[in-house]
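Residues per chain are reported as follows:
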Amino acid sequence: MVRRKGDETAERVLVTSGGAHYEEASGAESHTEFVQRSGSNMYLQISGFLVDEIYTRYVLRAVAKQLDRWFIKQAEQALAAHLPAPKPCRIRLLGQMALLETGSSLSLANTKDVDVRADYEYSAQKEFERLLQRKGLMLDPVGHEAWMPRETRYLPVFQGRYVTLLAADQDAVLISKAWKAPVKNAPLIREYLSQGASDRFFELAEKYDVDLEQFV
Amino acid sequence: MNRKQIVLAARKAAARDARARRDARFSRAMGVFKRAGLLHDNTGIEPLRGPVALSDVLWAGRYEPRFFELLPAVLVKKPSLVHLDRAVPADLRRVLTALRKNEMPPDFRGVPGDDLLRWVPHVGHRNKTPTRSKTFRLRQQDLKLLEELAQKLDATETGVVRAGLRALHQDMK
């Protein structure tokens, strides 16, 4: 069944063609974000209120929101038991997931592991892992060891009462990928270069001795 | 090459990659891997019910190396997802042999061995790694004891050996 955007009962949303533009996904309960597409017409499947595209692109925001709700519940319980409130945490997304969450225009395909650097306590980590698992993702146990350039900027993606979700900027993520696993990430780097990569990307490549010629 | 030359050369190569991503072989491979929850993407390819031909996955891997990262684990743990329409290439066969023995496989088409190994517990039945057969020569009384224990514990003989090993290990702590 295909219905147009705006129909609350739509199972699919039609995203029209013509350059990069934004379309609001109807019925995506906890997802008020937008889908950015360019190129030809395409249909996005909604299954249980989640548009597939949004699901993959903004899933971490939804997880952070759920984690924040869990924190609030924990804080209420702690208050009732006269215990200290849980410590707020900051989760920094690395790797492809950071690109997906910041709405990168690159063609991304990623495996289900999520690389993060976070300062949460063990119980919060376990809850985060559980929430990711429900979305078909998994927390990479050594994800925090991923090398990132010192110049990495972290962009705010979600700010809750207890949870702050940040995503590493595109240039830093791609430099990290080009340095760490050039073969695996060659098509991605090529695509970014073809879009006219930023000066910062070239500067970082120079600084960290990443040979960009190997990608072309 | 200066920056401009790199961008120009990348444009050509990226156009080739983009063409490949529109190819039916790529869509089939991505669709099946997506439906199986192994890959997520933002290219809007529809999830597809498997299986997908091995030749399609090997072809798609040239443009999305994550197929190469997952393919060996899929062939070991969820072989129903891939239809063997051609002989398994020798390099892939070497990787599969190592994975089945739970050993570190050699690199596969640019993907390091440890990246290949880490997917085995996460494909198909979660947290399970392939079992391996090992042959032992036992005396008649040992065999009898094994049968008796299996009957008493309502377990298989392998189950008895596993339980015995764990008990012995626990005892030694």
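Here the structure is shown first, and the text comes after it.
Computed from a predicted structure; not experimentally measured.

Below, the discussion takes up the overall build of chain B. Of regular secondary structure, chain B possesses eight helices and three strands. Counting from the amino terminus, helix and strand elements in chain B follow one another as α-α-β-β-α-α-β-α-α-α-α. On C-alpha atoms alone, chain B measures out to a radius of gyration of 22 Å, which is more than a quarter above the 16 Å that the 2.2 N^0.38 rule sets for 173 residues. Principal-axis analysis of the C-alpha atoms gives chain B an extent of 75 × 35 × 30 Å. Residues classed as buried in chain B amount to 32% of the 173 residues present. Sequence-distant contacts in chain B: of pairs separated by 6 or more residues, those separated by 24 or more amount to 51%.

On to the interface of chain A and chain B. Listed as interface residues are 27 residues of chain A and, on the opposing side, 29 residues of chain B. Counting only elements with at least two residues in the side of chain A that touches chain B, the list comes to strand E4 (42–47), helix H1 (52–80), strand E7 (109–111) and helix H5 (182–194) of chain A. The biggest single contributor to the side of chain A that touches chain B is H5(A), with seven residues. Each residue belonging to the side of chain A that touches chain B can be placed in one class, and the counts come to 13 nonpolar, seven polar and seven charged. As paired elements, E7(A) and strand E1 (residues 39–41) of chain B share three bridges and run antiparallel to each other. Its bridge partner lying in E1(B), Thr111(A) is registered against Leu39(B).

Before going further, it helps to spend a moment on the sheet that holds strand E11 (residues 154–159) of chain A. Residue and element names in this part refer to chain A. Spatially, E9-E6-E12-E11 is the arrangement adopted by the four strands of the open sheet, whose pairing is mixed. With partners counted over all chains shown, the strands left at the sheet margins are strand E9 (116–118) and E11, one partner each. For this sheet the average axis-to-axis angle between neighbouring strands, irrespective of direction, equals 25°. Sheet topology note: the E11/strand E12 (residues 163–168) ladder contains five bridges and is antiparallel. The residue bridging Pro156 from the neighbouring strand is Leu166, located in E12.

To continue, consider helix H2 (residues 24–35) of chain B. In this model, H2(B) (12 residues) spans 16 Å end to end at C-alpha, consistent with the 16 Å of a helix rising 1.5 Å per residue. Burial in H2(B) covers these residues: Phe26(B), Arg28(B), Ala29(B), Met30(B), Gly31(B), Val32(B), Phe33(B) and Lys34(B). Here the buried face of H2(B) lies against E7 of chain A together with helix H1 (3–22), E1, strand E2 (52–53), helix H3 (54–60) and helix H4 (66–77) of chain B. One or two positions beyond H2(B), positive phi appears at Gly37(B), with a value near 75°.

As a further point, take the packing of H4(B) against helix H5 (residues 90–100) of chain B. Residue and element names in this part refer to chain B. Here H4 crosses H5 at 55°, and the two axes come no closer than 10 Å. Relative to H5, the element H4 lies oblique. Taken as a pair, H4 and H5 cross one another with a handedness that is right-handed. Along its contact with H4, which presents Pro72, Ala73, Leu75 and Val76, the element H5 presents Leu92, Val95, Leu96, Leu99 and Arg100. Grouping the constituent residues of the contact of H4 with H5 by class yields eight nonpolar, no polar and one charged.

So, about the nonpolar core. Membership of the largest hydrophobic core comes to 55 residues, with the highest contact counts inside it found for Leu93(A), Val163(A), Leu165(A) and Leu193(A). Discounting residues that sit within four places of it in the chain, Leu165(A) has contacts with Leu60(A), Arg61(A), Ala64(A), Ile91(A), Leu93(A), Val157(A) and Phe158(A). In this structure, Ala36(B), Phe67(B), Phe68(B) and Leu116(B) belong to the second largest nonpolar core, which totals 35 residues.

This part covers the packing of helix H4 (residues 170–180) of chain A against H5(A). All names here are of chain A. Two numbers describe how H4 lies on H5: the axes approach to 8 Å, and their chain directions differ by 140°. In terms of orientation, H4 and H5 fall into the oblique class. Judged by the twist between their axes, the crossing of H4 over H5 is left-handed. Of the residues in H5, those touching H4 at Leu174, Lys177 and Ala178 are Pro182, Asn185, Leu188, Ile189 and Tyr192. Looking at side-chain class alone, the contact of H4 with H5 contains six nonpolar, one polar and one charged residues.

Residue and element names in this part refer to chain B. Looking at the element boundaries, Arg25 is found in helix H2. When the C-alpha atoms of Arg25 and Glu64 are compared, they prove to be 12 Å apart, with 39 residues separating the residues in sequence. If sequence neighbours within four positions are ignored, Arg25 has contacts with Asp56, Trp59 and Ala60.

Conventions adopted
Residues numbered from 1 in each chain as written. Chains lettered and ligands numbered in written order. Predicted model: local features only at pLDDT ≥ 70, side-chain atom pairs only at ≥ 80, totals over all residues. Helix = DSSP H or I, 4+ residues; strand = E, 2+ residues; numbered from the N terminus. Rg over C-alpha atoms; globule rule 2.2 N^0.38 Å. Buried ≥ 20, exposed ≤ 12 C-beta atoms within 10 Å, placed from the backbone. Contact = placed C-beta atoms within 7 Å. Nonpolar A, V, L, I, M, F, W, Y, C, P; charged D, E, K, R; others polar. Pairing = 2+ DSSP bridges. Axes fitted to C-alpha atoms, helices over the stretch in contact; angles between N-to-C directions. Expected span 1.5 Å × (residues − 1). Parallel < 35°, antiparallel > 145°, perpendicular 65-115°, else oblique. Left-handed = near helix turned anticlockwise from the far one by under 90°. Core = buried A, V, L, I, M, F, W, Y, C linked by C-beta atoms within 7 Å.

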